[in-house]
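The lines below spell out each chain.
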Amino acid sequence: MTTNAELFERGLRVIPGGVNSPVRAFRSVGGTPYFVARAEGAHVWDVEGRRLVDLVQSYGASILGHADPRVVAAVRDAAGRGSTYGAPTEGEVLLAEALTGRYPGLEQVRLVSSGTEAAMSALRLARGVTGRATAVKFAGNYHGHSDALLAAAGSGVAEGVIGTEVVPDSAGVTAGAVADTVVLPYNVVPTLDDSVAVVCVEPVAANMGLVPPEPGFLEGLRAECDRVGALLLFDEVITGCRLAAGGATERFGVRPDVWCFGKVIGGGLPVGAFGASAEVMAELAPTGPVYQAGTLSGNPLATAAGLTVLRALDAAAYEQLETTATALATGLRLAFDAAGVEAVVPRCGPLVGLFFGTASPVDFDGAVRSVAAGRYPAFFHGMLERGVALAPGPYEVMFPSLAHTDADLELVVGAAHEVAAVLAAGG
Ligand SMILES: *Cc1c(COP(=O)(O)O)cnc(C)c1O
């Protein structure tokens, strides 16, 4: 039998760090990553045959649960008709219609292959449309790994950051590439000026742990953007079609000018999208001067999977997601309380976070302080040993899916009680 350790060792020889995305490497929690052999519903099985209740769900790309039979059938069917043509397809029109139908004000979208591409292209579009250079982003918000947005970013990037003053975050990103990026604290409405092209925000921050917007924050951004003629961009790569049919936009009732999507809308295949009004989107090639392209954009397998997922997400599905997330958050909080471990379990709709400490952070500094307490690795490994897969990094959130059952939650909460007791005993 192949073991996780063997595969990791071989991977380390031919893949940097043995992984194709940094947080998978267990760098911030220590140890050897599990290599997934297969997954179904709420569970993944590693190559050693061990079953885990999976709260990673590909960082939110899988909302129905793994290998949903409807998605599998749609992808199989699409693959049989050819996987990419270099010509437009009906699936692209259908997915674009599904998105625009869910988001009032979103009149057109351009499909791409990742959230990174969506944010990178949306930023270029915003700068092209306004003729302005400055992009405002918030510390701890992650918008993918394009150069201009890789400043005080959350997610895996956050692990190398001590404060929020580190700009840029990565070697190889020049000072010039982030010279027009301004990083500000989350949940504080800034005063803008007319150099600002776009204000990029995660309407619910989910890459520095879970940090919901304070009342008035999103409304304040809307008003400031209107005052100076800047575009407001909601990065709904996580929240899109997850917090509600119309994502954070619907849930908070604030309408941005530009949206980014990814994860959920691809049903586990590589898809991203960005969109805006028809007037703004007309500035994009081929109709306008802002160039953007992609060989595999709107890929038929991906659009088939994404459409299948969006069709399954009816009102009952959102209700179920919220019920599951509430049960998970409540169960975890009770586990920490019972053991006397100081921890908070914030929830926003179907998203659940976890911070060790006494108060829920409202910004990146707060999140960094909580992580600095250093309790997450032990919690993570304790849960993993008991059959629960959490993200191997303290700045991620939990993604309960439609496939998680009461029995799955019982297993998770039971494990949390045991691990919290171990933590309380100083383990
Ligand atoms: C994951 C994520 C991205 C990047 O998407 P990729 O598909 O990983 O490139 C961008 N923005 C947010 C908010 C994300 O969570």
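Residues numbered from 1 in each chain as written. Predicted model: local features only at pLDDT ≥ 70, side-chain atom pairs only at ≥ 80, totals over all residues. Heavy atoms only, no water.

1. Comments concerning the packing of aromatic side chains
Ring pairs (aromatic) are described by centroid distance and by the angle formed between their planes.
Then, number 1: A full pass over the atoms with the stated rule returns 13 aromatic pairs.
Then, number 2: Ring geometry for Y376 against F380: centres 6.3 Å apart, planes inclined by 35°, an arrangement best described as tilted. Linking Y376 with F380, this pair stays in helix α12 (residues 376-385), spanning four residues, or about one helical turn. Taken as a pair, Y376 and F380 share a single burial class, namely buried.
Then, number 3: Positioned over the ring face of W45 is R38, at 4.0 Å from the centre of the ring. (Phe/Tyr/Trp six-rings, centres within 6.5 Å; stacked < 30°, edge-to-face > 60°. Helix = DSSP H or I, 4+ residues; strand = E, 2+ residues; numbered from the N terminus. Buried < 20%, exposed > 50% of the residue type's maximum accessible area, 1.4 Å probe, protein only. Lys NZ or Arg CZ within 6 Å of the ring centre and 35° of its normal.)

2. Notes on the environment of F26
Then, number 1: Mapped onto the elements of the fold, F26 is located in the loop between α1 (4-14) and β1 (36-40).
Then, number 2: Residue class for F26 comes out buried when judged on its relative accessible area of 3%.
Then, number 3: Through-space distance from the C-alpha of F26 to that of V352 is 21 Å; in sequence the pair is 326 residues apart.
Then, number 4: For F26, the contacting residues outside a window of four places in its chain are G31, T32, P33, Y34, F380, H381, L384 and P392. (Contact = heavy atoms within 4.5 Å.)

3. With respect to the sheet that holds strand β9 (residues 258-261)
Then, number 1: Strand order in the open sheet made by the seven strands is β4-β10-β9-β8-β7-β5-β6, with mixed pairing throughout. The two strands at the open ends of the sheet, each matched to only one other strand, are β4 (108-112) and β6 (181-184). Ignoring strand direction, the axes of neighbouring strands in this sheet form an average angle of 20°.
Then, number 2: Two elements, strand β7 (residues 196-201) and strand β8 (residues 231-235), share four bridges in a ladder whose sense is parallel. When the bridges of β8 are listed, V201 appears paired with F234.
Then, number 3: Packed on one face of the sheet, helix α4 (residues 90-102) meets β4 and β10 (272-276) and runs near 125° to β4. (Pairing = 2+ DSSP bridges. Axes fitted to C-alpha atoms, helices over the stretch in contact; angles between N-to-C directions.)

4. Thoughts on helix α9 (residues 300-312)
Then, number 1: The first and last C-alpha atoms of α9 sit 18 Å apart over 13 residues, in line with the 18 Å expected at 1.5 Å per residue.
Then, number 2: The buried fraction of α9 is high, at 12 of 13 residues.
Then, number 3: Buried positions along α9 lie against α3 (69-80), α4, β4 and α10 (315-339).
Then, number 4: The opening residue of α9 is N299, an N-cap whose side-chain oxygen sits 3.0 Å from the backbone nitrogen of L301. (Expected span 1.5 Å × (residues − 1). Polar contact = N/O pair within 3.5 Å; in protein donor to acceptor, adjacent residues only side chain to side chain.)

5. Some words on unusual backbone geometry
Then, number 1: That bond from A285 to P286 is cis: its omega, 10°, falls within 30 degrees of zero.
Then, number 2: Inspection of the secondary structure puts P286 in the loop between α8 (278-281) and α9.
Then, number 3: A positive phi angle is found at C241, which is not glycine, with a value near 60°.
Then, number 4: As for its placement among the helices and strands, C241 is situated in the loop between β8 and α7 (247-252).
Then, number 5: The residue K263 is not glycine, and still its phi comes out positive at about 40°.
Then, number 6: Relative to the helices and strands, K263 resides in the loop between β9 and β10.

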